[in-house]
Amino acid sequence: METFLQVITIFILAIFVGVEVISKVPPILHTPLMSGSNAISGITLVGALISAGMQATTLTILLGTFAVALATINVVGGFLVTHRMLSKFKRKE
Amino acid sequence: MVGIQVAYVLASVLFILGLKGLSHPRTAVRGNLIGAIGMLIAVGATLLDRNIISFEYILIGTLVGSVIGALFALKVKMTAMPQMVALFNGFGGAASVLVAGAVLSESLVRGGDVGMQFLIATAASGLIGAVTFWGSLVAFGKLQGLITEKPVRYRGEQVVKVLVFLIALYGAFKTIQGRGNVEWYWVASGVGSVLGILLTIPIGGADMPIVIALLNAYSGMAAAATGFVLNNSILIISGALVGASGVFLTKIMCDAMNRSLPNVLFGGVGSVVETIKADDLYGGKVKATTPEEVAMILKMARRVVFVPGYGMAVARAQTPVRILTEAMEKDGIEVEFGIHPVAGRMPGHMNVLLAEENIPYDKLKEMDAINDTFAQTDVVIVIGANDVVNPLARESSGTPISGMPILNVDKARTVVVIKRSLAPGFAGIPNPLFAAENTLMLFDDAKKAMEDLVKAYREAA
């Protein structure tokens, strides 16, 4: 119960931080915001690494490895594509 | 054990700073890099943790994923960005399903006590992750043109959706009974997959920005749920950040369409009876023009505003738009762009397309900023937009778009609308703007019309 209260506290506080930070993003950057936050949601990779590295049964290894691959696509692709997009936004020279 | 927690805190801080960087185009590139470094730290710390005893499969998984992800990201055209974002989003959701499934079966093999939090979070990861994955795939299919962009509606649709949702919940309930049931977990995820398809397939093209934002929120929630499975702080924090971002964008998109989220998800557009007859509205009042005539008007203008819509993206007319912009600016004409929040197929879509054409971002104005300037604007060129410039929206009721905030282009001295025909937009209603006293219609494909216009402008003295 104590850990649960701890993690739920973290969760709720993080939501508030998220809303606070994201409400400052101007509409012009909404697409990069989506793809960038999308890349962050690839954090599931951390969970995937844990389950792929547990070596419990063949099934968990298989599922974990597959999850690692999918989450890595999300992370690598997400950050790269966001970078590509953002580097196009320029000021008048 | 302490080391990894410190690393996770550091990564969380970097994620927040990274998102903060996105508050201005000047700092955005750096913000994204900071986020990527945060990810690197989180992943690195996890790999160093002693719980991980085997690396060969991890290596295979990350290699394959990195290559595929990088290829996608570097090859994709900017115009295909909405479907790319949808696809990546889906992969994150799928990963959550697999991780929670793997952890559940591992815990059943190992035995020992499992708490209620673990079981509920596992079921939630499976359900939300499956909805995210399949919903994103359908969105991808629609945006890529593999599935019809039209809303797919059928009799009893709402009943079917509610039933499938209840079955999914039942599956989740069976998953968490006792010490957990992995078979029921996969059933629940399977039903969640069906639900993901059912929720996305009825949604039409113009509502796509809302759906993409919503799926973004789901992917965050799925990651947070997986965090509750593993009691892992970094997953919970990142998931909450992304979830908040997705919900926030969804709300902005809904407000910009003056529609509630349930209305988008469960239908609404098209159900309003059409009260205005297009023939009565347009009959004898629509004035067609030529590129030459428009070029003459532009030559005399001091301020011109482009209002782009999805039609510009489809016709790939951005390049001639940029060429004409540069030509006009050389003649001392002030040129800006008025961008509606829901123009295009995802939040911010038009900005990305125009930025790729090297149009400086300080010319891309949001709706509230540009609306006051239309009265002092000589010419507005509406290119591939329709509902977002329909003055009927200002009327309080009677149309599907009533109350929707629009770009008040009709206040400008002259409005040039580039459009193939008088066909209605997504809302299915005629647009009085096309018949207005100060409106000229340039009937053609957006790209062809713009190229002709560039030519005519150069030839006009």
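Relevant structure appears above.
Residues numbered from 1 in each chain as written. Chains lettered and ligands numbered in written order. Predicted model: local features only at pLDDT ≥ 70, side-chain atom pairs only at ≥ 80, totals over all residues. Heavy atoms only, no water.

(A) Expanded view of the pattern of salt bridges. Residues and elements named next belong to chain B. Enumeration according to the criterion identifies 20 salt bridges over all chains in this entry. Notably, a salt bridge pairs Glu-106 with Arg-110, separated by 3.4 Å at the nearest N-O pair. With Glu-106 and Arg-110 both in helix α4 (residues 81–110), this residue pair falls four residues apart, about one helical turn. With its nearest N and O atoms 2.5 Å apart, the salt bridge here joins Lys-363 to Glu-329. Taken together, the positions of Lys-363 in the loop between α15 (349–356) and β3 (364–366) and Glu-329 in helix α14 (residues 318–330) put the pair 34 residues apart, joining distant regions of the chain. One salt-bridge network, in which partners are shared between bridges, spans Arg-303, Glu-334, Glu-336 and Lys-365. (Salt bridge = Lys/Arg side-chain N within 4 Å of Asp/Glu carboxyl O. Helix = DSSP H or I, 4+ residues; strand = E, 2+ residues; numbered from the N terminus.)

(B) Inspection of the side chain of B:Thr132 at higher detail. Residues and elements named next belong to chain B. By the element assignment, Thr-132 lies in helix α5 (residues 116–144). Judged by relative accessible area, which is 0%, Thr-132 ranks as buried. Non-local contacts of Thr-132, meaning those with residues more than four positions away in its chain, are made with Asn-89, Gly-90, Gly-93, Leu-215, Tyr-218 and Ser-219. (Buried < 20%, exposed > 50% of the residue type's maximum accessible area, 1.4 Å probe, protein only. Contact = heavy atoms within 4.5 Å.)

(C) Region of the structure containing the packing of α5(B) against helix α6 (residues 157–175) of chain B. Residues and elements named next belong to chain B. Two elements in contact, α5 and α6, have axes whose closest approach is 9 Å; the angle formed by their N-to-C orientations is 145 degrees. Considering the relative orientation of α5 and α6, their crossing is right-handed. Side by side, α5 and α6 meet where Leu-119, Ala-123 and Leu-127 of the first sit next to Ala-168, Leu-169, Ala-172 and Thr-175 of the second. Split by residue class, the contact of α5 with α6 holds six nonpolar, one polar and no charged. (Axes fitted to C-alpha atoms, helices over the stretch in contact; angles between N-to-C directions. Left-handed = near helix turned anticlockwise from the far one by under 90°. Nonpolar A, V, L, I, M, F, W, Y, C, P; charged D, E, K, R; others polar.)

(D) Spotlight on the packing of α14(B) against helix α17 (residues 446–459) of chain B. Residue and element names in this part refer to chain B. Taken N-terminus to C-terminus, the directions of α14 and α17 make an angle of 25 degrees; their axes are 9 Å apart at the nearest point. Viewed along their axes, α14 and α17 adopt a mutual orientation that is roughly parallel. The handedness of the crossing between α14 and α17 is left-handed. Residues Pro-320, Val-321, Ile-323, Leu-324, Ala-327 and Met-328 of α14 form the contact with α17, whose participating residues are Lys-447, Met-450, Glu-451, Leu-453, Val-454, Tyr-457 and Arg-458. Its residues assigned to classes, the contact of α14 with α17 shows 10 nonpolar, no polar and three charged. (Parallel < 35°, antiparallel > 145°, perpendicular 65-115°, else oblique.)

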